[in-house]
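# Fold and contact review
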Amino acid sequence: MLIRALGRSPVADPATGLSAEELAGCVMRTLALPEIASLRPALLAEFPVYAALADESEETATAGIADALTLTAEGRPVVIIERH
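Residues numbered from 1 in each chain as written. Predicted model: local features only at pLDDT ≥ 70, side-chain atom pairs only at ≥ 80, totals over all residues. Heavy atoms only, no water.

Turning to the overall build of the chain, a few remarks are in order. Summing up its helical and strand segments, the chain has three helices and three strands in all. Starting at the N terminus and ending at the C terminus, the chain contains elements arranged as α-α-α-β-β-β. For 84 residues, the compact-globule formula gives about 12 Å, and the C-alpha radius of gyration of the chain, at 17 Å, lies well above that figure. Taking the principal axes of its C-alpha atoms as reference, the chain extends roughly 55 × 30 × 20 Å. (Helix = DSSP H or I, 4+ residues; strand = E, 2+ residues; numbered from the N terminus. Rg over C-alpha atoms; globule rule 2.2 N^0.38 Å.)

Time to look at the side chain of T70. Checked against the element boundaries, T70 lands in strand β2 (residues 59-71). When its relative accessible area of 6% is taken as the criterion, T70 is described as buried. Each residue touching T70, except ones within four places of it in the same chain, is listed here: L39, A42, L43, R76, P77, V78 and V79. (Buried < 20%, exposed > 50% of the residue type's maximum accessible area, 1.4 Å probe, protein only. Contact = heavy atoms within 4.5 Å.)

Roughly 520 Å³ of internal volume is contained in the largest pocket. Lining of the largest pocket is provided by 14 residues; of these, V27, T30, D67, I81 and R83 occupy positions nearest its centre. Those elements that place two or more of their residues in the lining of the largest pocket are α2 (20-32), β1 (44-54) and β2. With five residues, the single largest contributor to the lining of the largest pocket is α2. Taken together, the residues of the lining of the largest pocket sort by class into nine nonpolar, two polar and three charged. (1 Å grid on protein atoms, 1.4 Å probe; cavity = no way out; pocket = protein on both sides within 12 Å on 5 of 7 lines; lining within 4 Å. Points joined across faces, edges and corners; volume = space filled by probe spheres on them. Nonpolar A, V, L, I, M, F, W, Y, C, P; charged D, E, K, R; others polar.)

The next thing to look at is the side chain of S19. Mapped onto the elements of the fold, S19 is located in the loop between α1 (2-5) and α2. Apart from the residues lying within four places of it in its own chain, the contact partners of S19 are I3, V11, A12 and P14.

This is a description of form; function is not addressed.
Right under this line is the structure:
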């Protein structure tokens, strides 16, 4: 179970901690949103993303994991879904 993998114990009341039922319900509600449902066939979950920018004085690299995204045939992101 994901909750235990996070080092936590599941609880029945989501107001007191992580509830498996509440988390599952949240996922199901999110996947049912029309905006998400239309993208589901193309969504790639937990997708690693990287970027590098440089100017005359500095170079910046960024790395992370997008919650989900869709890509063009050439592999460029179209829609990025990130929940904070």
